[in-house]
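# Coordinate analysis (summary)
Single-letter residue listing:
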Amino acid sequence: MRLPLLVLLAVVLVTALPAAPASARSDQRMIFEAPRELRSDDAKLRNETLDEIRGMGVGWLRLVMYFNDVAPRRDSRSVPSGDQTDPDYYDWTIFDRVIEEADRRGFRILLTISGPVPRWATAGARDHVTRPSPTRFGRFAEAVAKRYGRVVDAWSVWNEPNHPAFLQPQWTGRGRNREATSARLYRKLFQAAERGLRRGGSGRAPILIGETAPRGTGKVVHPITFLRRTLCLDSRWRRARGCGRLRADGWAHHAYTTRLGPYFVPPNQNDVTIGVLSRLTSALDRAGRAGAIRMGMPIWLTEFGIQSLPDPVIGVPESTQAEYRAIAERVAYRNRRVVAFSQYLMRDDFPRPGGTPHLRYGGFESGLRHSDGRKKVAYDAFPIPLAAIEGRTKTTLWGVVRPASGATTVTIEYRNRGSSRWRRLKAKRTNSLGGWETTTSKRSGREYRVVWTAPDGRRLEGPRTRVHRAP
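As a starting point, this report considers the structure included with it. Residue positions are given per chain, counting from 1 as you read along its sequence in written order. Totals for whole chains, interfaces and linings use every residue, but because this is a predicted model, local features are given only for residues with pLDDT of at least 70 and side-chain atom pairs only at 80 or more, for both listing and counting. Computation of side-chain values covers all heavy atoms of the structure but excludes hydrogens and water.

Soluble globular proteins tend to bury their nonpolar side chains together. To define a nonpolar core, start from buried Ala, Val, Leu, Ile, Met, Phe, Trp, Tyr and Cys residues and group those joined through side-chain atoms within 4.5 Å. Exposure is judged per residue with a 1.4 Å probe applied to protein chains only, and the accessible area is read against the type maximum: over 50% gives exposed, under 20% gives buried, and values in between give partly exposed. If you look at the biggest cluster of nonpolar residues, it comprises 92 residues, and the most contacted ones within it are Tyr148 and Trp155. Of all hydrophobic cores here, the second largest spans 15 residues; its members include Ile384, Tyr414, Tyr448 and Trp452.

Take a look at the structure:
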């Protein structure tokens with residue numbers, strides 16, 4: 001039985017546009033992902049979190065639906081009887097409730113369908129990620145679209161298919177004969193899913209390809225390598241005969257960086273972190289010219305966050321997390337090909353019991369709250385992010401008033417080194433979606449913050465923000 005949900009309008013994608021000042025940007029979506037809370041059986045926690053996210057001015061949610069989440073007898077080697085394209089074949093409980101609760105609040109939904117898959121949907125039925133069946137995944141996609149096609153605003157196919165946690169094998173062969181096998185597998189999975197979604201009634205909602213992890217290793221395929229091989233392009237970006245153009249509406253990517261910050265440049269040219277998005281736009285342009293995808297394909301940054309302490313490997317102090325996150329958002333905001341940015345996690349992952357800090361905090365500490373629910377500095381910064389970038393003669397201040405429903409005015413304050421007193425620098429009018437940018441003279445050691453008063457009298461006060469130097 002279908003859910004009694006309202007019909008949502010499909011998304012109109014924005015392709016490459018002429019360069020414009022950052023403060024004029026008005027079309028970029030902000031997507032929030034909070035799986036720990038939104039997948040919870042605790043209805044109070046789910047609804048409180050949805051209200052919290054909505055109150056921060058976010059209009060989109062990303063939900064990842066692993067085939068395993070809803071499939072019958074996921075650990076069975078034999079295929080359960082029944083019609084795999086029929087929604088009644090699956091258990092949608094987790095997603096029915098959160099989508100209905102989100103719809104009541106006016107959220108738009110990006111739904112990523114992905115592996116791991118049930119064992120019976122793989123070649124050999126040895127595990128849940130090795131050589132998934134495109135045919136069975138396509139049937140699953142059709143059933144999902146039949147269930148949610150009227151309420152999902154954008155679709156994406158497979159979470160980090162260039163990572164072995166979600167798809168195997170990643171590589172086969174050795175030396176010169178080494179092949180990024182995961183890309184070849186993913187192409188078939190994407191094609192099957194795209195056809196299944198359209199058969200099931202996905203309508204005009206965009207279907208995204210990619211969802212790639214940012215960096216490669218000996219076990220993870222580098223995202224540009226993965227893109228090229230998925231699209232049947234050789235090292236000179238020539239398309240192989242027999243490989244047609246893929247019907248995709250955007251490339252989804254997870255542009256995580258390291259503790260070195262948003263301007264970090266990975267030494268491998270096939271990696272793409274937030275500071276080198278031009279590598280991805282260039283690759284998409286070359287693929288478009290080769291006829292492998294549409295020209296000017298937009299980029300959706302569907303998963304992103306800055307890890308904070310207590311992560312001992314890539315975690316940064318809480319104040320730095322807030323600053324880095326704002327700078328990263330500014331990078332995305334100024335790139336006309338990027339139509340969506342995101343925040344991954346409301347609360348950090350639970351630490352693992354015992355062991356060294358490296359083992360205890362091996363998950364994600366990119367939340368706006370600690371795992372126990374305590375707010376981080378980034379929590380107060382998220383609704384009104386502020387980036388302070390030092391240039392040769394000026395400091396550029398950039399931000400967004402996310403909860404604003406139209407043009408509004410923010411107050412920028414400063415505090416000099418050694419002082420505890422905040423002083424008014426200036427007031428700044430935003431664009432229609434809350435974006436603003438201004439400059440001020442350079443002052444060594446000066447800190448800034450943003451203060452905004454909502455029409456209902458609610459006062460938001462951002463944390464202190466230090467100045468960072470752009471490369």
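From this point, the narrative continues.
Turning to helix H4 (residues 93–104), a few remarks are in order. Given a rise of 1.5 Å per residue, 12 residues ought to cover 16 Å, and the 17 Å separating the end C-alpha atoms of H4 matches this to within 8%. Here a helix means four or more residues in a row that DSSP labels H or I, a strand means two or more in a row labelled E, and each is numbered from the N terminus. Turning to H4, its buried residues are Phe95, Asp96, Arg97, Val98, Ile99, Glu101, Ala102 and Asp103. Should any heavy atoms of two residues lie within 4.5 Å, those residues are considered in contact. On the buried face of H4, the contacting elements are helix H1 (35–38), helix H2 (43–55), strand S2 (60–66), helix H3 (67–70), strand S3 (108–114) and helix H5 (134–148). Where H4 ends, the next residue or the one after it, Gly106, has phi of about 85°, a positive value. Expected helix span is computed as 1.5 Å times (number of residues minus one).

The next point concerns the pairing of strand S4 (residues 154–157). Judged by which residues are buried, S4 turns out to be covered on both faces: Ala154 and Ser156 on one side and Trp155 and Val157 on the other are all buried. Where the polypeptide runs from S3 across H5 and back to S4, its parallel neighbour, the crossover connection is right-handed. A pair of strands counts as paired when DSSP detects no fewer than two bridges linking them. In this sheet, strand S5 (residues 207–212) lies alongside S4 in parallel orientation, the contact comprising two bridges. Each bridged residue has a counterpart across the sheet, and for Trp155 the counterpart in S5 is Ile207. With the strands aimed away from the viewer, a crossover counts as right-handed if its path from the first strand over the helix to the second runs clockwise. Of the crossover connections in this fold, the one passing from S4 over helix H6 (residues 181–200) to the parallel S5 is right-handed.

Spatially, the eight strands close up into a barrel ordered S1-S2-S3-S4-S5-S6-S7-S8, and their pairing is parallel. Averaged over neighbouring strand pairs, the angle between their axes works out to 30° when direction is ignored. The sheet contact formed by strand S1 (residues 29–33) and S2 spans two bridges and is parallel. Across the sheet, Ile31 pairs through a bridge with Trp60, a residue of S2. Sheet contacts for helix H8 (residues 277–289): strand S6 (250–253), strand S7 (299–301) and strand S8 (338–344); angle to S7, the most-contacted strand, approximately 145°. Think of each axis as a best-fit line through the C-alpha atoms, taken over the contacting stretch in the case of a helix, with angles from 0 to 180 degrees between the N-to-C directions.

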